[in-house]
Amino acid sequence: MQASRARLFKEYKEVQREKMADPDIQLVCDDSNIFKWTALIKGPSETPYEGGIFQLAFAVPEQYPLQPPQVRFLTKIFHPNVHFKTGEICLDILKNAWSPAWTLQSVCRAIIALMAHPEPDSPLNCDSGNLLRSGDIRGYQSMARMYTRLAAMPKKG
């Protein structure tokens, strides 16, 4: 557990140092628990998520970095690899392809890449996956844009 605390503290310092370097990701550690983090990520441009700000929750295990963090979307998102109700993310690096070389920041990068390049063949959201697999790109993009507007964009007024 001591090693994981040291590693997380190092990542915390790095995040503080590089805040301006990566404007698409805002990673924040819980004040009272270094094993709990949240992130705000910007929806990638030229995707239905563009303009949205999506919140992620990280639960970091005590065996980190030997085990991956549990990450889920707190913001509702219509995406084939994200469970619509729980926010669970289907991403190989969060499961069997994890490596201690990954950081919380690089996990955020990978999630942004997944948003831009969905994998409809391993869906957690079957409705979204089925739209893409059947070739209904317009239907998928329209649903994803609608949920981005409803859940991930600041309300005007």
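Residue numbers restart at each chain and count upward from 1, following the sequence in its written direction. Where local features are concerned, this predicted model is filtered to residues with pLDDT of at least 70; where side-chain atom pairs are given and counted, the filter is 80 or more; whole-chain, interface and lining totals use all residues. Water and hydrogen atoms play no part in the side-chain values, which are based on all heavy atoms of the structure.

- Looking up the protein in an unreviewed UniProt entry gives the name E2 ubiquitin-conjugating enzyme, with the organism given as Carya illinoinensis.

## Quick word on the sheet that holds strand β2 (residues 36-42)
Stage number 1. The criterion for strand pairing is that DSSP finds at least two bridges linking the strands in question. Helix numbering and strand numbering both begin at the N terminus, where a helix is a DSSP run of H or I of at least 4 residues and a strand a DSSP run of E of at least 2. The sheet built from four strands is open, its strands ordered β1-β2-β3-β4 with antiparallel pairing. Edge strands, defined here as strands with exactly one partner in the open sheet, are β1 (25-29) and β4 (70-73). Each adjacent strand pair in this sheet contributes to an overall mean axis angle of 20°, direction not counted.
Stage number 2. The sheet contact formed by β1 and β2 spans five bridges and is antiparallel. Bridge assignment links Gln-26 to a residue of β2, and that residue is Leu-40. All axes here are fitted lines through C-alpha atoms, helices being fitted over the stretch that makes contact, and every angle between N-to-C directions spans 0 to 180 degrees.

## Considerations on the UniProt feature "active site" (unreviewed entry) in the protein
Stage number 1. UniProt positions are given in the numbering used here, feature names are shortened, and annotations may be inferred rather than shown by experiment. In the numbering used here, UniProt assigns the "active site" (unreviewed entry) feature to Cys-90.
Stage number 2. In this structure, Cys-90 sits in the loop between β4 and α2 (104-116).
Stage number 3. Residue contacts are defined here by distance: any two heavy atoms, one from each residue, within 4.5 Å place the two residues in contact. Excluding residues within four positions of it along the chain, Cys-90 makes contact with Asn-81, Leu-114, Ser-122 and Leu-124.

## Overview of the layout of surface pockets
Stage number 1. Approximately 350 Å³ is the volume attributed to the largest pocket.
Stage number 2. Only protein atoms enter the calculation, which uses a 1 Å grid: trapped sets of points that fit a 1.4 Å probe without letting it out are cavities, open sets showing protein on both sides within 12 Å along at least five of seven lines are pockets, and any residue with an atom within 4 Å of a point is a lining residue. Lining the largest pocket are 21 residues, with Val-15, Glu-18, Ile-25, Leu-27 and Gln-105 positioned closest to its centre.
Stage number 3. Of all the secondary-structure elements, those providing two or more residues to the lining of the largest pocket are α1 (2-17), β1, β2 and α2.
Stage number 4. Ranked by residues supplied to the lining of the largest pocket, first place goes to α1 with five residues.
Stage number 5. Here the residues of the lining of the largest pocket sort into nine nonpolar, three polar and nine charged.
Stage number 6. Put simply, the second largest pocket is a space of about 280 Å³.
Stage number 7. What lines the second largest pocket is a set of 15 residues, among which Ala-57, Ala-59, Gln-70, Val-71 and Arg-72 lie closest to the centre. Grid points are joined across faces, edges and corners, and a volume is the space filled by probe spheres set on the points. Gly falls in the polar group here, along with every residue not listed as nonpolar (Ala, Val, Leu, Ile, Met, Phe, Trp, Tyr, Cys, Pro) or charged (Asp, Glu, Lys, Arg).

## So, the UniProt feature "domain: UBC core" (unreviewed entry) in the protein
Stage number 1. Here the UniProt-annotated "domain: UBC core" (unreviewed entry) positions come out as residues 3-153.
Stage number 2. For residues 3-153, the helix share is 34%, the strand share is 15%, and the end-to-end C-alpha distance is 38 Å.

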